[in-house]
2 protein chains.
Amino acid sequence: MSDASPSPVTAAILVIGDEILSGRTKDKNIGYIAEYLTNSGIELREVRVVPDVEEEIVAALNALRARYTYLFTTGGIGPTHDDITADCVAKAFGVGIAVDPRARAMLLERIAEADLNEARLRMARIPDGAELIENPISKAPGFMLGNVIVMAGVPSIMQAMLDNVAPRLTTGARVAAETIEAGNLPEGLYAGELAEVAKSHPGVSIGSYPSMTPAGFRNQIVVRGRDPETLAQARAAVADLVARLQSART
Amino acid sequence: MSDASPSPVTAAILVIGDEILSGRTKDKNIGYIAEYLTNSGIELREVRVVPDVEEEIVAALNALRARYTYLFTTGGIGPTHDDITADCVAKAFGVGIAVDPRARAMLLERIAEADLNEARLRMARIPDGAELIENPISKAPGFMLGNVIVMAGVPSIMQAMLDNVAPRLTTGARVAAETIEAGNLPEGLYAGELAEVAKSHPGVSIGSYPSMTPAGFRNQIVVRGRDPETLAQARAAVADLVARLQSART
């Protein structure tokens, strides 16, 4: 990605699809995009999942695109009647939508002209003014209109589209993260002092994350921040705290 | 679950946590809750993920609890400084919050009284008027206030809390789903006629879901609805369409 920005570059994800809300399909895109953006210096601030309902999609598009630097959407850009994302984006921006000759040409790389029926041509309908995002897998493109990046829901295609669009995005200073392993040291033992460390290190955020293992809880403390020096200081303070409490227990 | 309701019972999920937005932790709760609710006759209509920031959490709590029958939250109820969900719920409802003697007693099942420090007691702080949700794993309870169900973020604990609270919830008619395998029949071949089938079967929703396999795309068509007869008719119409197009290709 290019053009590092001095102020935070933010993003939201809008996942579109009844199949996620019914639980039939387990989303794999949110975690992938989240990690990708963090590594690229773009801060993911919100995620929403909405059904294949025009008013819901348009309302979420407008709420999120107004609030963050970028909005990434996944799902709803195929050839079937429930694929309404492109129309919703056109509606949200108040622009027209029509078959785009560039998108049609992309479809013809995979589909013979005689087979390019009305349903398939739906995948070439692109809102006016959008840039296309190439799809090396099934050719039907995504697009970027203003700050909204519209991608497929199928994970492998979404991932290829993200790689394709990434160089066009402005990025900010990367938020780096350091993990301190607290092992089986109980959160309740370090929570009080950890809050003090957090308070005395403004500019970093400190989180404590328990997970369950067959042997019981395992705790990790994550320190996150943009400034390497502040981050290193906070990391050291947390590591000292954990080491002191661990040795007091043994 | 009890008390089947004649009108749709709806729900939203609010996932609270910086670690999901940074991509460090991959959420496993949305898909689990989605499937659980669908099987229980509760329709999941929206999901949001927000950071550990009070204003964001309170705003999302108030937007979602006003709009759906139930709001399920995950995350942010541990003992550390970044666990602010209970306080945010109290703020959203405009009620007080204090150490609840019942919750304190639950903590004492696992933690000796001498070790019940201030941080650990945070896990017994419950908004006024809430009912507790038992946690058989680590004892610190979740709670239900009005239509908001507050659960842990650790999946095994969240799942146990969901089982605990489920019998208290009103449920509606279950939305049943039938899947028709379209195999490698291209979506673009059946999309036009599928839209006709969808149009002529109001009361059911029909979705087409491609996935990538090593052998190429595999498509599944899902028909969903509450009325068994309407659902069976739509299912048959889709199965006929797929069979006809498949035999025309061979």
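- Chain A carries the name Competence/damage-inducible protein A in an unreviewed UniProt entry, which gives Methylobacterium oryzihabitans as its organism.

As for the sheet that holds strand E12 (residues 204-213) of chain B
Residue and element names in this part refer to chain B.
Link 1 in the chain: Judged by pairing direction, the sheet is antiparallel, and its three strands sit side by side in the order E11-E13-E12 without closing on themselves. Single-partner strands in this sheet number two, and they are strand E11 (176-183) and E12. This sheet shows a mean twist of 25 degrees between the axes of neighbouring strands, independent of strand direction.
Link 2 in the chain: Alignment of E11 against strand E13 (residues 216-225), held across seven bridges, turns out to be antiparallel. Counterpart to Gly 183 in the pairing with E13 is Asn 219.
Link 3 in the chain: Here helix H9 (residues 228-249) sits on the sheet in contact with E11, E12 and E13, set at roughly 0 degrees to E11.

Let's talk about the pairing of strand E4 (residues 70-74) of chain A
A regular strand places its side chains so that they alternate between the two faces of the sheet.
All names here are of chain A.
Link 1 in the chain: Taking burial as the measure, the five residues of E4 include five buried ones, the bulk of the element.
Link 2 in the chain: Side chains of E4 alternate between two faces, with Tyr 70, Phe 72 and Thr 74 and Leu 71 and Thr 73 buried alike.
Link 3 in the chain: As paired elements, strand E2 (residues 10-16) and E4 share five bridges and run parallel to each other. Across the sheet, Ile 13 pairs through a bridge with Phe 72, a residue of E4.
Link 4 in the chain: Two strands pair when backbone bridges link them, and E4 and strand E9 (residues 148-151) are joined in this way by four bridges, in the parallel orientation. Its bridge partner lying in E9, Leu 71 is registered against Val 148.

Section: the pattern of salt bridges
Link 1 in the chain: Under the counting rule described, the total for this entry stands at 30 salt bridges over all chains.
Link 2 in the chain: Here Lys26(A) ties to Glu35(B) by a salt bridge, and the two come within 2.6 Å at their closest N and O atoms. Taken together, the positions of Lys26(A) in the loop between helix H1 (18-21) and helix H2 (29-40) and Glu35(B) in helix H2 (residues 29-40) put the pair across two chains.
Link 3 in the chain: Ionic pairing is found between Glu193(B) and Arg244(B), a salt bridge with its closest N-O pair at 2.6 Å. Taken as a pair, Glu193(B) in helix H8 (residues 187-199) and Arg244(B) in helix H9 lie far apart in primary sequence, 51 residues in all.
Link 4 in the chain: Judged by its relative accessible area of 45%, Arg244(B) is partly exposed.

With respect to the packing of aromatic side chains
For any two aromatic rings, the description comes down to two numbers: the centre-to-centre distance and the angle of the planes.
Link 1 in the chain: Going through the model one piece at a time under the given rule, you end up with four aromatic pairs over all chains.
Link 2 in the chain: One cation-aromatic arrangement involves Arg65(B) over Phe93(B); the distance from NZ or CZ to the ring centre is 3.8 Å.

A closer look at the interface of chain B and chain A
Link 1 in the chain: On the side of chain A, 57 residues touch chain B, which itself brings 57 residues to the contact.
Link 2 in the chain: Summing both partners gives a buried area of about 4500 Å² for chain B against chain A, and 57% of it is carried by carbon and sulfur.
Link 3 in the chain: The tally of links between chain B and chain A comes to four salt bridges.
Link 4 in the chain: The closest approach of N and O atoms between Arg67(B) and Glu56(A), which form a salt bridge, is 2.5 Å.
Link 5 in the chain: Connecting chain B to chain A are 16 residue pairs in polar contact (both at pLDDT 80 or more).
Link 6 in the chain: Looking at the side of chain B that touches chain A element by element, the count peaks at nine residues for H8(B).
Link 7 in the chain: Classifying every residue of the side of chain B that touches chain A by side-chain character gives 27 nonpolar, 15 polar and 15 charged.

So, the pairing of strand E2 (residues 10-16) of chain B
Residues and elements named next belong to chain B.
Link 1 in the chain: By the criterion of burial, E2 is predominantly enclosed, with seven of the seven residues buried.
Link 2 in the chain: What you see with E2 is no split at all: Thr 10, Ala 12, Leu 14 and Ile 16 on one side and Ala 11, Ile 13 and Val 15 on the other are buried throughout.
Link 3 in the chain: Sheet topology note: the E2/strand E3 (residues 43-50) ladder contains seven bridges and is parallel. Within the sheet, the bridge partner assigned to Ala 11 lies in E3 and is Leu 44.

A few points about the domain arrangement of chain A
Link 1 in the chain: You can read the domains of chain A as domain 1 (2-172) and domain 2 (176-249).
Link 2 in the chain: Once you take the C-alpha centre of each, domain 1 of chain A and domain 2 of chain A turn out to be 37 Å apart.

Concerning the relation of the copies chain B and chain A
For the pair of chain copies, the relating operation is a rotation around an axis with a shift along it.
Link 1 in the chain: With an RMSD of 0.0 Å, the operation that places chain B on chain A is a rotation of 180 degrees combined with a shift of 0.0 Å along the axis. One copy is carried onto the other by what is essentially a two-fold rotation axis. Among all residues of chain B, the one whose C-alpha sits closest to the rotation axis is Arg48(B), at a distance of 2.2 Å.
Link 2 in the chain: When the interface residues of chain B are mapped onto chain A, 100% of them again fall at the interface, so both copies present the same face.

So, the packing of H2(A) against helix H7 (residues 155-165) of chain A
Residues and elements named next belong to chain A.
Link 1 in the chain: At their nearest, the axes of H2 and H7 sit 11 Å apart, and the two run at 20 degrees to each other. Here H7 runs roughly parallel to H2, going by the angle between their axes. For the crossing formed where H2 meets H7, the hand is right-handed. Residues Asn 29, Tyr 32, Ile 33 and Tyr 36 of H2 touch H7, and the partners they reach there are Pro 155, Met 158, Gln 159, Leu 162 and Asp 163.

Procedures and definitions
Residues numbered from 1 in each chain as written. Chains lettered and ligands numbered in written order. Predicted model: local features only at pLDDT ≥ 70, side-chain atom pairs only at ≥ 80, totals over all residues. Heavy atoms only, no water. Pairing = 2+ DSSP bridges. Helix = DSSP H or I, 4+ residues; strand = E, 2+ residues; numbered from the N terminus. Axes fitted to C-alpha atoms, helices over the stretch in contact; angles between N-to-C directions. Contact = heavy atoms within 4.5 Å. Buried < 20%, exposed > 50% of the residue type's maximum accessible area, 1.4 Å probe, protein only. Salt bridge = Lys/Arg side-chain N within 4 Å of Asp/Glu carboxyl O. Phe/Tyr/Trp six-rings, centres within 6.5 Å; stacked < 30°, edge-to-face > 60°. Lys NZ or Arg CZ within 6 Å of the ring centre and 35° of its normal. Buried area = accessible area lost by both parts, 1.4 Å probe. Polar contact = N/O pair within 3.5 Å; in protein donor to acceptor, adjacent residues only side chain to side chain. Nonpolar A, V, L, I, M, F, W, Y, C, P; charged D, E, K, R; others polar. Domains from an automatic or database assignment. Least-squares fit on C-alpha atoms with pLDDT ≥ 70 in both. Parallel < 35°, antiparallel > 145°, perpendicular 65-115°, else oblique. Left-handed = near helix turned anticlockwise from the far one by under 90°.

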